[in-house]
Amino acid sequence: MSEERKTWMGTLATAKPAALKAAVDTLGALPGFSWLRRPEVGGVMVPGRMGGTGAAFNLGEITVTRCALKLESGEVGHAYVQGRDKAHAERAALCDALMQTGRADDVRRLVLTPLAAARAEARKARAARAAATKVEFFTMVRGEDA
Amino acid sequence: MYVAVKGGERAIDAAHEWLAEERRGDVSVPELSVAQIREQMALAVNRVMAEGSLYDPDLAALAIKQARGDLIEAIFLIRAYRTTLPRFGSAEPVETGEMACDRRISATFKDAPGGQVLGPTFDYTHRLIDFALAAEGEPPAAREALAEEAPMPRVTEMLSRDGLIQQEQASDEVPPDLTRAPLEFPAGRPLRLQALTRGDEGFVLSMAYSTQRGYGRNHPFVGELRIGAVPVEMEIPELGFSVEIGEVVLTECETVNQFTGSKTEPPQFTRGYGLVFGQTERKAISMALVDRALRWEELGEDNLGAPAQDEEFVIAHSDNIQATGFLEHIKLPHYVDFQAELELVRKLRAEAMAGQQQEAAE
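The rules behind these values
- Residues numbered from 1 in each chain as written.
- Chains lettered and ligands numbered in written order.
- Predicted model: local features only at pLDDT ≥ 70, side-chain atom pairs only at ≥ 80, totals over all residues.
- Heavy atoms only, no water.
- Helix = DSSP H or I, 4+ residues; strand = E, 2+ residues; numbered from the N terminus.
- Rg over C-alpha atoms; globule rule 2.2 N^0.38 Å.
- Buried < 20%, exposed > 50% of the residue type's maximum accessible area, 1.4 Å probe, protein only.
- Contact = heavy atoms within 4.5 Å.
- Areas by Shrake-Rupley, 256 points an atom, 1.4 Å probe, with all protein chains shown as cover.
- Lys, Arg positive; Asp, Glu negative; His and termini not counted.
- Charge placed at Lys NZ, Arg CZ, Asp CG, Glu CD.
- Salt bridge = Lys/Arg side-chain N within 4 Å of Asp/Glu carboxyl O.
- Patch = residues over 30% accessible without salt bridge, like charges linked within 9 Å, V, L, I, M, F, W, Y side chains within 5 Å.
- Axes fitted to C-alpha atoms, helices over the stretch in contact; angles between N-to-C directions.
- Parallel < 35°, antiparallel > 145°, perpendicular 65-115°, else oblique.
- Buried area = accessible area lost by both parts, 1.4 Å probe.
- Core = buried A, V, L, I, M, F, W, Y, C linked by side-chain atoms within 4.5 Å.
- Domains from an automatic or database assignment.
- Phe/Tyr/Trp six-rings, centres within 6.5 Å; stacked < 30°, edge-to-face > 60°.
- Lys NZ or Arg CZ within 6 Å of the ring centre and 35° of its normal.
- Pairing = 2+ DSSP bridges.
- Polar contact = N/O pair within 3.5 Å; in protein donor to acceptor, adjacent residues only side chain to side chain.

### Some details on the overall build of chain A
Phase 1: Along chain A, the regular secondary structure elements total four helices and four strands.
Phase 2: N-terminal to C-terminal, the α/β element order of chain A is α-α-β-β-β-α-α-β.
Phase 3: In terms of C-alpha radius of gyration, chain A reaches 21 Å, well past the compact-globule figure of 15 Å for 146 residues.
Phase 4: Seen through its C-alpha atoms, chain A measures out along the principal axes to roughly 80 × 35 × 25 Å.

Here you go:
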């Protein structure tokens, strides 16, 4: 459960806010919920590693919005999402909660799968552009070696 | 010393009204949107995020708009905003080895596994003004090629396998944070790297350049430069497992530097490291050079007295917000201070002149 939940929470957090909104709108009527923690904006420190692999150092912060809510049926949804979009965090937490209900298949089909596909597509497009800039450098033979 | 003053409210309000009008400029010219700045002034946005030490492209773009394009003023706004944010915690260290690279080049190995990928670079452009950009029109779509799923191992790893380069010791130690505790010297490498990554690009560039010109030369090669997106994962306290909460674009530079060995180490290459928010490669390369210069003591090298080897000098002067705050405050009213100086000079002059008159009389 936690491995699967980790994946869907990541998909929700990294979705473009407009794309998540459009996808959630296709779910139809949404259940009522109460807030356990209203959406709030804060910072998360991101460390790097010396030499990429060594001991950690602090690189800088990112803005993050978090919230937690409880559906009328009792399931609890959490969201920690990059940025300052409170509505985005609310939708992410709602989907996280819905994934623990009988509507999980709907959420998977209408929200998670299309969002994951959109992300993969965007990545592929950048990777394809990067691949087009791959070069072969040739070392020129110097006069003294000829 | 600056002494608090009262009054001037009306003048200050008028000055700020005029500032708002000047910011907008000629109203017959369309207003810039924050999204336009974010998308089309992306490298300015990246610099503001890096030196503001807060990754949020929309916020950085807004700060640039508010600051009328004065990037240090924009960085100041970001830093001020950052201090208002509650800290939710710390993410896992980013894994730059798994970066989705837009750009990846090595100046040391032309056949680096994974290849040399130029990415959207200014390199190899002719640096001629492109008047076509003054006209409206969309550029043609960039070409694409089949992307291989081949891994891009670190160049330094290849050297490391043969023991030819100094090893980085991994550790799970929580790094010190200069935004939480006052900086003291000696600061140590983790704090130095934090200060350098948020340091002023111009300052860090000049310090790096000084090492190239001979003030603490360290013979750097750009072993690898990579730019791309990495996921940010954080352990969610309520859940007890870590989740991807977002993604940041980073520039990483690893330099490979000459080292002839010391009493305890055989000859091997050493490293300098740069890692900066956004596409910011001039800064990342500069950071790596300065990092390497500051490691002289740990590597058993001589202190040549070069400015770039002086940790206190470099780190205490790298922050442009501290610098500009102290520098610009001298334009604020110092009337009381100056009055005291004025009286002192008058008194000294009177004494000196009285002495001269006495000498003349004798």
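### Focus: the overall build of chain B
Phase 1: Within chain B, the regular secondary structure consists of 12 helices and seven strands.
Phase 2: Against the compact-globule benchmark of 21 Å for 362 residues, chain B has a radius of gyration of 26 Å, which places it well outside the compact range.
Phase 3: In terms of its C-alpha atoms, chain B occupies a principal-axis envelope of roughly 90 × 65 × 55 Å.
Phase 4: Split into buried and exposed, the 362 residues of chain B put 40% on the buried side.
Phase 5: By sequence separation, contacts in chain B at least 24 residues apart represent 66% of the contacts at least 6 residues apart.
Phase 6: If you sum the accessible surface of chain B, you get close to 21,300 Å²; carbon and sulfur atoms cover 56% of it.
Phase 7: Distance from the positive charge centre (35 side chains) to the negative charge centre (60 side chains) of chain B: 4 Å.

### Brief notes about the pattern of salt bridges
Residue and element names in this part refer to chain B.
Phase 1: A full pass over the atoms with the stated rule returns 41 salt bridges over all chains.
Phase 2: Residues glutamate 39 and arginine 38 are paired through a salt bridge, measuring 2.8 Å at the closest nitrogen-oxygen approach.
Phase 3: The class of glutamate 39 is exposed, set by a relative accessible area of 53%.
Phase 4: For lysine 331, the salt bridge goes to glutamate 328, with nearest N and O atoms at 2.6 Å.
Phase 5: Classification of lysine 331 as exposed rests on a relative accessible area of 60%.

### A short note on a negative patch on the surface
Phase 1: On the surface, a cluster of negative charge is made up of Glu9, Asp13, Glu17, Glu21 and Glu22 of chain B.
Phase 2: Mapping glutamate 17 of chain B onto the fold places it in helix H1 (residues 9-24).

### What about the packing of helix H3 (residues 42-52) of chain B against helix H4 (residues 57-66) of chain B?
All names here are of chain B.
Phase 1: Across the interface, H3 lies against H4 with an axial gap of 9 Å and an inter-helix angle of 105°. It follows that H3 is roughly perpendicular to H4 by the angle criterion. Residues Ala44, Val45, Val48 and Met49 of H3 form the contact with H4, whose own contacting residues are Pro57, Ala60, Ala61 and Ile64.

### Overview of the interface of chain B and chain A
Phase 1: Between chain B and chain A, the contact holds 78 residues from the first and 54 residues from the second.
Phase 2: Note on chain B versus chain A: buried area summed over both sides is about 5,800 Å², and carbon and sulfur give 59% of it.
Phase 3: Our count for the contact surface shared by chain B and chain A stands at 11 salt bridges.
Phase 4: Arginine 119 of chain A is the partner of glutamate 244 of chain B in a salt bridge, and the nearest nitrogen-oxygen pair spans 2.7 Å.
Phase 5: It is strand E6 (residues 241-257) of chain B that contributes the most residues to the side of chain B that touches chain A, 11 residues altogether.

### Observations regarding unusual backbone geometry
Residue and element names in this part refer to chain B.
Phase 1: Residue proline 186 is reached from phenylalanine 185 by a cis peptide bond, and omega for that bond is 0°.
Phase 2: Assignment of secondary structure puts proline 186 in the loop between helix H6 (155-161) and helix H7 (189-197).
Phase 3: Despite not being glycine, arginine 127 has its phi angle at roughly 55°, a positive value.
Phase 4: Tracing the backbone through its elements, the reader meets arginine 127 in the loop between strand E4 (116-117) and H6.
Phase 5: Residues other than glycine seldom take positive phi values, yet histidine 219 does so here, at roughly 45°.
Phase 6: Turning to its location among the elements, histidine 219 is positioned in the loop between helix H8 (201-212) and strand E5 (220-236).
Phase 7: Residue histidine 219 is classed as partly exposed on the basis of its relative accessible area, which comes to 38%.

### Details of the nonpolar core
Phase 1: Within the largest apolar cluster, 101 residues are counted, with the highest numbers of intra-cluster contacts made by Ile62 and Val111 of chain A together with Ile245 and Leu250 of chain B.
Phase 2: Formed jointly, this core draws a minimum of three residues from each of two domains, domain 1 (9-82) and domain 2 (96-136 + 149-167 + 180-324) of chain B.

### Looking at the packing of aromatic side chains
Phase 1: Across all of its chains, the model carries four aromatic pairs over all chains by this definition.
Phase 2: Ring plane angle 80° and centroid distance 5.0 Å describe the contact between phenylalanine 33 of chain A and tryptophan 35 of chain A, whose orientation is recorded as edge-to-face.
Phase 3: Residue phenylalanine 33 of chain A is classed as partly exposed on the basis of its relative accessible area of 28%.
Phase 4: Lying over the aromatic face of phenylalanine 88 of chain B, arginine 66 of chain A brings its terminal NZ or CZ to 3.8 Å of the ring centre.

### What about the environment of alanine 67 of chain B?
Residues and elements named next belong to chain B.
Phase 1: Its location among the elements puts alanine 67 in the loop between H4 and helix H5 (71-82).
Phase 2: For the pair alanine 67 and arginine 23, spaced 44 residues apart in the sequence, the C-alpha separation amounts to 8.1 Å.
Phase 3: In this structure alanine 67 touches Glu73, Ala74 and Leu77, once residues within four positions along its chain are discounted.

### Notes on the pairing of strand E1 (residues 33-49) of chain A
Phase 1: Bridging between E1 of chain A and strand E2 (residues 56-71) of chain A involves 14 bridges; their strand directions are antiparallel. When the sheet's bridge partners are listed, glutamate 40 of chain A is paired in E2 of chain A with arginine 66 of chain A.
Phase 2: Taking the residues between adjacent antiparallel strands as the criterion, E1 of chain A and E2 of chain A are bridged by six residues, where glycine 51 of chain A takes a positive phi near 65°.
Phase 3: Note that E1 of chain A and strand E2 (residues 87-90) of chain B share three bridges and pair parallel. Paired with glycine 43 of chain A across the bridge in E2 of chain B is arginine 87 of chain B.

### Here we look at the domain arrangement of chain B
All names here are of chain B.
Phase 1: With domains assigned, chain B is organised as domain 1 (9-82) and domain 2 (96-136 + 149-167 + 180-324).
Phase 2: One C-alpha centre belongs to domain 1, the other to domain 2, and the line joining them spans 28 Å.
Phase 3: On the domain 2 side, the residues contacting the 14 residues of domain 1 number 20 residues.
Phase 4: Buried surface at the junction of domain 1 and domain 2, summed over both partners, amounts to about 1,400 Å²; 60% is from carbon and sulfur atoms.
Phase 5: On the domain 1 side of the contact with domain 2, Glu51, Tyr55 and Arg79 bury the most area, a combined 40% of that side's loss.
Phase 6: Here domain 1 is connected to domain 2 by two salt bridges.
Phase 7: Between arginine 47 and aspartate 200 there is a salt bridge whose closest N-O contact spans 3.4 Å.
Phase 8: If you look at where domain 1 meets domain 2, you find seven residue pairs in polar contact (both at pLDDT 80 or more).
Phase 9: The set of elements that each furnish at least two residues to the side of domain 1 that touches domain 2 consists of H3, strand E1 (54-55) and H5.
Phase 10: Examining the composition of the side of domain 1 that touches domain 2, we find that six residues originate from one element, H3, more than from any other.

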